[in-house]
Amino acid sequence: MNEKIRAVTQADIDGLKKVVDSSGLFPSEYLDEMISDYFHNPDTQDIWFACFDDNKPVSIGYCVPEKLTDGTYNLLAIGVSKDAQRKGIASKMMKYIEQLLKHKEGRILIVETSSDDAQMGARKFYQQTGYTQEAIIRDFWK
């Protein structure tokens, strides 16, 4: 694999929609609206990043600063296309965002997952990556 992680550009959108669909992260038709501020607001603090294998997107990440906090960020989405899963890409994406946030003087990275069975793999991944579970909010997404 010839991987590179970088900030998302407008030219990446069609490929990233395929990643979103493949990973089941969220419906890809939401992406245009979700990323609009990132492309059109010069003051945005949104962070959209992706991993590319031979210039083809294989993962996507989305992180924002938590309002009214000092150095706290929230990783709102991270997904890897189905054919690229279990190859260490998610771990590399986490290292990328962690390093980027260190340069921004970030203190805390919040990573939320659902408590349903479908997110069991994500919870296990974050635990193996060194994240600590701080809370469970029952039925948060309902």
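Computed from a predicted structure; not experimentally measured.

Participant: Explain the packing of aromatic side chains to me, using residue names and the numbers behind them.
Facilitator: Aromatic rings in a pair are described by how distant their centres are and how their planes are angled relative to each other. Under the defined criterion, the tally for this structure stands at five aromatic pairs. When the centroid spacing of 3.9 Å and the interplanar angle of 15° are considered together, the rings of Trp48 and Tyr62 count as stacked. Remark: Tyr62 occurs in strand E3 (residues 56-65) and Trp48 occurs in strand E2 (residues 47-53); sequence separation between them is 14 residues. The pair Trp48 / Tyr62 is uniform in exposure class, with both members buried. Where Phe125 meets Tyr126, the ring centres are 5.1 Å apart and the plane angle is 65°; that geometry is what we call edge-to-face. Taken together, the ring pairs connect Phe125, Tyr126 and Tyr131 into an aromatic cluster.

Participant: Before we move on, could you go through the nonpolar core and cite the residues and values that matter?
Facilitator: Core analysis: the largest hydrophobic core is formed by 18 residues, its most contacted members being Cys63, Leu75 and Leu109. Mapped by element, the contributors of at least two residues to this core are E2, E3, strand E4 (72-80), helix H3 (89-103) and helix H4 (120-128). Take this core: its biggest share by element is five residues, from H3.

Participant: Can you lay out the pattern of salt bridges for me, pointing to particular residues and giving the numbers?
Facilitator: Should the charged atoms of two oppositely charged side chains come close, the side chains can pair. Scanning all chains against the criterion turns up three salt bridges. The partner of Lys92 in a salt bridge is Glu3, and the shortest N-O contact between them spans 2.7 Å. With Lys92 in helix H3 and Glu3 in strand E1 (residues 3-7), this residue pair connects regions lying 89 residues apart in the sequence. On the accessibility criterion, Lys92 (38% relative accessible area) is partly exposed. Residue Glu3 is classed as partly exposed on the basis of its relative accessible area, which comes to 24%. Across the pair Asp32 and Lys17 runs a salt bridge whose closest N-O atoms are separated by 2.7 Å. On the criterion of sequence distance, the pair formed by Asp32 in helix H2 (residues 31-40) and Lys17 in helix H1 (residues 13-23) is long-range, its members being 15 residues apart.

Participant: With reference to specific residues and values, describe the side chain of Ser28.
Facilitator: Tracing the backbone through its elements, the reader meets Ser28 in the loop between H1 and H2. A distance of 2.8 Å separates the side chain of Ser28 from the side chain of Asp21, its partner in a polar contact. Residues contacting Ser28, with those up to four places away along its chain left out, are Lys17, Val20 and Asp21.

Conventions adopted
Residues numbered from 1 in each chain as written. Predicted model: local features only at pLDDT ≥ 70, side-chain atom pairs only at ≥ 80, totals over all residues. Heavy atoms only, no water. Phe/Tyr/Trp six-rings, centres within 6.5 Å; stacked < 30°, edge-to-face > 60°. Helix = DSSP H or I, 4+ residues; strand = E, 2+ residues; numbered from the N terminus. Buried < 20%, exposed > 50% of the residue type's maximum accessible area, 1.4 Å probe, protein only. Core = buried A, V, L, I, M, F, W, Y, C linked by side-chain atoms within 4.5 Å. Salt bridge = Lys/Arg side-chain N within 4 Å of Asp/Glu carboxyl O. Polar contact = N/O pair within 3.5 Å; in protein donor to acceptor, adjacent residues only side chain to side chain. Contact = heavy atoms within 4.5 Å.

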